[in-house]
Amino acid sequence: MPTPKQAAQERLKSAGPGLIGLSHRIHAKPELGFEEEHASAWLCEMLDAAGFKVENGVAGLPTAFIARAGTGPLHIGICAEYDCLPAIGHACGHNLIASMSAGAGIAAAKIADDLGVTIVVLGTPAEEVGNASGKILMLERGAFDGLHAAMMVHPAPFDAAVMKIIAASMFDVCYHGKEAHASAFPELGINAADALTVAQTSLGLLRQHIRQTDRIHGIVTKGGDAPNIVPAHTAARYIIRSDNLNELEDLRGKVRRCFEAGALATGASLEINGGDKAYAQMNHDLALAAMYQRNAEALGRKFPDLGPLRDRVAASTDMGNVSLAMPAIHPAISIDSLPAVNHQPEFTAACITPAADRAIFDGALSMAWTIVDLATDPSTRARLLARSPDTLRS
Ligand SMILES: [Zn+2]
Ligand SMILES: [Zn+2]
């Protein structure tokens, strides 16, 4: 009789070529957040063929899905992401996340009933959008209800069981001024581009007076139409980040005043849209993360001591919001991309290499084995099951 871990490994091996094919297909057809029609459909087909009961278009989101297998009392969620970035495709490796999470689900489903577990693969769209993203809306609309824990693994330049994940909020800024001939009648114009310049100068000065862990970064999305027309409409998109949601709200007020300064100085009017559903910091379940690390090490993965980089390399994800609702992990898995790092076109290229394909297998199996451990370790199982019905509501 194979052990549960051996049975999961065998099942994953037979699914392997299909999972690598899926990753490469998603990579070749990058789809932006909430537009991931093909990726979502391909995942649903694969999970359906593997015996999952699949519901698509959940939570009012056409590209979200929930796939269930097994009938055990302990419900474990595995989150699949599959959106790309504008202009640079799968530079965050969400094609790998999709395949890893499907693979983990398929491998764990094989042994779910022996373990007393129900496996729930959640298709969570639009992780990169920065506001009101897939997991946030799915949490609000009950798609995570009834889960006792959730997990996913993210491609990175190195392996880490616990990544620094901070709160973040993305929003759009617009200034409305008035056009005029820039040479003949400039005194009749209200310069919306100047408003943005004043705001950016104010933000630059603000950087002296924020926490070391705060971040402010943005792009101008509209700067004007022609140099001989006083710009009447300008726009920018910004992201602010802080260690946690409380500090983020403090930073938000300060940043808002910098944008108000632009309006005040020029007479343009200011409009801010979005930023209403922020990404939370991640509250890692350290016991589950340690199980993941032991399983990944058993597959030959190395977890380097990152030293000060551990806190400095901070990013944000809506998995943070999930982690405030239930025990959750979000380890990083190396695809041997260095010197390329996430959100570079070179990282896009690294997401279909043999090392990336290998990460699909290792990440999927480490998650499946972590499910074996958390289901069979009596104290962990009891701790997860003991969550009261109202804490099961997200
Ligand atoms: Zn990303
Ligand atoms: Zn990502």
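Higher on the page you've got the structure.
Worth saying up front: this structure is predicted, and the values here are computed from it rather than measured.

### Describing the sheet that holds strand β2 (residues 65-69)
Line of reasoning, step 1. Spatial ordering of the open sheet is given by β1-β2-β4-β3-β5-β13, a layout of six strands whose pairing is mixed. Single-partner strands in this sheet number two, and they are β1 (53-56) and β13 (328-329).
Line of reasoning, step 2. Contacting β1, β2 and β4 (117-123), helix α2 (residues 37-49) crosses the sheet at an angle of about 10° to β2.
Line of reasoning, step 3. Packed on one face of the sheet, helix α12 (residues 354-376) meets β3 (74-80), β4 and β5 (149-151) and runs near 160° to β3.

### A closer look at the coordination of the zinc ion (ligand 1)
Line of reasoning, step 1. In the first shell of the zinc ion (ligand 1), the protein supplies Cys-92 (SG), Glu-128 (OE) and His-343 (NE2), at 2.0 to 2.2 Å from the metal.
Line of reasoning, step 2. Linear spacing of the donor residues for the zinc ion (ligand 1) on their chain is C-x35-E-x214-H.
Line of reasoning, step 3. Taken as an interatomic distance, the gap from the zinc ion (ligand 1) to the zinc ion (ligand 2) is 3.1 Å; Cys-92 donates to each of them. Taken together, the residues span a long stretch of sequence, with Cys-92 in the loop between β3 and α3 (94-109) and His-343 in the loop between β14 (332-334) and α11 (345-350) at a distance of 251 residues.

### Observations regarding the coordination of the zinc ion (ligand 2)
Line of reasoning, step 1. Every protein donor of the zinc ion (ligand 2) is accounted for by Cys-92 (SG), His-94 (NE2) and His-154 (NE2), and the metal-donor separations fall at 2.1 to 2.4 Å.
Line of reasoning, step 2. In primary-sequence terms, the residues that donate to the zinc ion (ligand 2) follow C-x1-H-x59-H.
Line of reasoning, step 3. Under the relative-accessibility criterion, His-94 is labelled buried at 0%.

### Let's talk about α3
Line of reasoning, step 1. Under the 1.5 Å per step criterion, the end-to-end length of α3 is 22 Å for 16 residues, consistent within 8% with the ideal 22 Å.
Line of reasoning, step 2. The element α3 is largely enclosed, with a buried count of 15 among its 16 residues.

### Regarding the packing of α2 against α3
Line of reasoning, step 1. Running from N to C, α2 and α3 point in directions that differ by 15°, and their axes come no closer than 10 Å. Between α2 and α3, the angle falls in the class roughly parallel. When the axes of α2 and α3 are compared, the crossing they make is right-handed. Across from Leu-43, Met-46 and Leu-47 in α2, the residues of α3 making contact are Ala-98, Ala-102 and Ile-106.
Line of reasoning, step 2. Tallied by class, the residues present in the contact of α2 with α3 amount to six nonpolar, no polar and no charged.

### Some details on the environment of Leu-324
Line of reasoning, step 1. Positionally, Leu-324 belongs in helix α10 (residues 319-325).
Line of reasoning, step 2. Linking Leu-324 and His-154, residues 170 residues apart in sequence, is a C-alpha distance of 19 Å.
Line of reasoning, step 3. Those residues in contact with Leu-324, other than ones at most four positions away along the chain, are Leu-245, Ala-280, Gln-281 and Asn-283.

### So, helix α6 (residues 192-206)
Line of reasoning, step 1. Helix length check: α6 (15 residues) gives 21 Å between terminal C-alpha atoms against 21 Å at 1.5 Å per residue, within 8%.
Line of reasoning, step 2. Residues of α6 that are buried: Ala-192, Ala-195, Leu-196, Ala-199, Ser-202, Leu-203 and Leu-206. An end-on view of α6 places all buried positions within 125° of arc, on one side of the element.
Line of reasoning, step 3. The inward-facing, buried residues of α6 contact β8 (167-176), β9 (215-222), β10 (233-242) and α7 (245-266).
Line of reasoning, step 4. The N-cap residue of α6 is Asn-191: its side-chain oxygen and the backbone nitrogen of Ala-193 are 2.9 Å apart.

Thresholds applied
Residues numbered from 1 in each chain as written. Chains lettered and ligands numbered in written order. Predicted model: local features only at pLDDT ≥ 70, side-chain atom pairs only at ≥ 80, totals over all residues. Heavy atoms only, no water. Pairing = 2+ DSSP bridges. Helix = DSSP H or I, 4+ residues; strand = E, 2+ residues; numbered from the N terminus. Contact = heavy atoms within 4.5 Å. Axes fitted to C-alpha atoms, helices over the stretch in contact; angles between N-to-C directions. Donors = N, O, S within 2.8 Å, 3.2 Å for Na, K, Ca; no water. Buried < 20%, exposed > 50% of the residue type's maximum accessible area, 1.4 Å probe, protein only. Expected span 1.5 Å × (residues − 1). Parallel < 35°, antiparallel > 145°, perpendicular 65-115°, else oblique. Left-handed = near helix turned anticlockwise from the far one by under 90°. Nonpolar A, V, L, I, M, F, W, Y, C, P; charged D, E, K, R; others polar. Arc of directions from axis to C-beta. Polar contact = N/O pair within 3.5 Å; in protein donor to acceptor, adjacent residues only side chain to side chain.

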